[in-house]
There are 2 protein chains.
Amino acid sequence: MTRSNPRVLSTLERAGGFASAQEIYRLMQREGESIGLTTVYRALQSLVNDKIVDVLRREDGEAIYRLCGEAHHHHLVCKGCGDTVEIEGGAIEKWAKMMAEEHGFREVGHTAEIFGLCAKC
Amino acid sequence: MTRSNPRVLSTLERAGGFASAQEIYRLMQREGESIGLTTVYRALQSLVNDKIVDVLRREDGEAIYRLCGEAHHHHLVCKGCGDTVEIEGGAIEKWAKMMAEEHGFREVGHTAEIFGLCAKC
DNA sequence: ACCACAAATGAAAATGATTTTCATTTCCAT
DNA sequence: ATGGAAATGAAAATCATTTTCATTTGTGGT
Ligand SMILES: [Zn+2]
Ligand SMILES: [Zn+2]
Ligand SMILES: [Zn+2]
Ligand SMILES: [Zn+2]
């Protein structure tokens, strides 16, 4: 993946670092960029693979993509405005490791998100 | 909603308290119960409204429903065989509350799942 | 038992996001 | 330039979920 990735990424940045594939596609169209929906999906997948963006789900199940920091981290998301704070999760890491050990699981990963209403909302 | 709700609920229980609408529908079919897919969806919505079941999202975006039991808890899921262990998450609760306070969020909820390979797999 | 009338049901069609197919175009190395 | 590999995108396929609407079922009053 090469030519489209940076265009999609820059659109995601311009969108506030938080958008669905369809939204990115529509935004690019509106701005006169020539790109196919399929390519947007593929670029996003590739960016997720490279851990440049993060994917999670809206309440209705639609996937939304967002720019993300390097290190492993978790999110505090506002249900009102979508604002996201990246938070450190040392407590979670320890908890996951301990629980996995306790039940004989290996190669464990975990997901953890906190959501609520921010001060503004 | 009346006749279908208990049937769907009991099927969800039998499924281990953790299944998607489609899975519940297929399970009921296999067991010879006569019910429509639409009705399964409606029953689940109603059960969610009544806070009898909980809804969350699989990684692929499909909605899964689970009995909203007694105590709040989290899951340790095997990527190999799907076996699920319910685990206590005191550490998570504290972490979520602390992070939310620190960033001025209110009405917070959270999700947390651990996944890996169980001893058998 | 009979008759409305509202609620519940479910088959089929509609919706909407995402994936797959496949023919065409773009890149690159020789 | 030339051939092959990678990228692109339009159109079709997939799949969960919702909507429509005609039919069935349950309830209460007579
Ligand atoms: Zn992040
Ligand atoms: Zn907010
Ligand atoms: Zn297993
Ligand atoms: Zn559980």
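Residues numbered from 1 in each chain as written. Chains lettered and ligands numbered in written order. Predicted model: local features only at pLDDT ≥ 70, side-chain atom pairs only at ≥ 80, totals over all residues. Heavy atoms only, no water.

Caption draft 1: Geometry of the interface of chain B and chain A. The interface is formed by 38 residues belonging to chain B together with 38 residues belonging to chain A. Buried surface at the junction of chain B and chain A, summed over both partners, amounts to about 3,100 Å²; 65% is from carbon and sulfur atoms. The largest contributions to the chain B side of the interface with chain A come from B:Trp95, B:Phe105 and B:Arg106, which together make up 22% of the buried area. On the surface where chain B and chain A come into contact, there are 0 salt bridges. Run the count over chain B and chain A and you get 16 residue pairs in polar contact (both at pLDDT 80 or more). (Contact = heavy atoms within 4.5 Å. Buried area = accessible area lost by both parts, 1.4 Å probe. Salt bridge = Lys/Arg side-chain N within 4 Å of Asp/Glu carboxyl O. Polar contact = N/O pair within 3.5 Å; in protein donor to acceptor, adjacent residues only side chain to side chain.)

Caption draft 2: Looking closely at the relation of the copies chain B and chain A. The operation relating chain B to chain A is a screw motion whose rotation component is 178°, with 0.3 Å of axial translation and a residual RMSD of 1.9 Å. Here the two chains are linked by the operation of a two-fold rotation axis. Taking C-alpha positions as reference, the residue of chain B nearest the rotation axis is B:Gly61, located at 1.5 Å. With an isologous cut-off of 70% or more, the 100% of interface residues of chain B that recur at the interface of chain A puts this contact in the isologous class. (Least-squares fit on C-alpha atoms with pLDDT ≥ 70 in both.)

Caption draft 3: Quick look at the pattern of salt bridges. Scanning the model with the defined rule gives 12 salt bridges over all chains in all. Here B:Arg58 makes a salt bridge to B:Glu62, at a shortest N to O gap of 3.3 Å. A relative accessible area of 27% places B:Glu62 in the partly exposed class. If you follow the salt bridges from partner to partner, you end up with A:Glu23, A:Arg58 and A:Glu62 in one network. (Buried < 20%, exposed > 50% of the residue type's maximum accessible area, 1.4 Å probe, protein only.)

Caption draft 4: Structural view of the sheet that holds strand β4 (residues 74-78) of chain A. In spatial order, the strands read β5(A)-β4(A)-β6(A)-β6(B)-β4(B)-β5(B); together these 6 strands make up an open sheet with mixed pairing. Where the open sheet ends on each side, the last strands, each with one partner, are β5 (84-87) of chain A together with β5 (84-87) of chain B. For this sheet, the mean inter-axis angle between neighbouring strands, taken without regard to orientation, is 20°. For β4(A) and β5(A), the ladder comprises 4 bridges, and the chain directions are antiparallel. Across the sheet, the residue bridging to A:His74 is A:Ile87, located in β5(A). Docked against the sheet, helix α4 (residues 90-102) of chain A engages β4 and β6 (106-117) of chain A together with β4 (74-78), β5 and β6 (106-117) of chain B, running at close to 140° with respect to β6(A). (Pairing = 2+ DSSP bridges. Helix = DSSP H or I, 4+ residues; strand = E, 2+ residues; numbered from the N terminus. Axes fitted to C-alpha atoms, helices over the stretch in contact; angles between N-to-C directions.)

Caption draft 5: Main features of the side chain of B:Glu113. As for its placement among the helices and strands, B:Glu113 is situated in strand β6. Residues within four places of B:Glu113 in sequence aside, it is in contact with A:Gly109, A:His110, A:Thr111, B:Leu56, B:Arg66, B:His75 and B:Val77.

Caption draft 6: Representation of the packing of helix α2 (residues 21-30) of chain A against helix α3 (residues 37-49) of chain A within the structure. Residues and elements named next belong to chain A. Viewed as axis vectors pointing N to C, α2 and α3 meet at an angle of 125°, and their least axial separation amounts to 9 Å. Comparing the axis directions of α2 and α3 gives the class oblique. In this structure, α2 meets α3 at a crossing whose hand is right-handed. Contacts between α2 and α3 involve Ala-21, Gln-22, Ile-24, Tyr-25 and Met-28 from the former and Leu-37, Val-40, Tyr-41 and Leu-44 from the latter. Of the residues contributing to the contact of α2 with α3, the split by class is 8 nonpolar, 1 polar and no charged. (Parallel < 35°, antiparallel > 145°, perpendicular 65-115°, else oblique. Left-handed = near helix turned anticlockwise from the far one by under 90°. Nonpolar A, V, L, I, M, F, W, Y, C, P; charged D, E, K, R; others polar.)

Caption draft 7: Local environment of the side chain of B:His74. Of note, B:His74 is situated in strand β4. Classification of B:His74 as buried rests on a relative accessible area of 3%. Among the polar contacts listed, one links the side chain of B:His74 to the side chain of B:Glu93, at a separation of 3.2 Å. Here B:His110 takes part through its side chain, which lies 3.2 Å from a polar atom of the side chain of B:His74. The residues contacting B:His74, other than those within four sequence positions of it, are A:Trp95, B:Val85, B:Glu86, B:Ile87, B:Gly89, B:Ile92, B:Glu93, B:His110 and B:Ala112.

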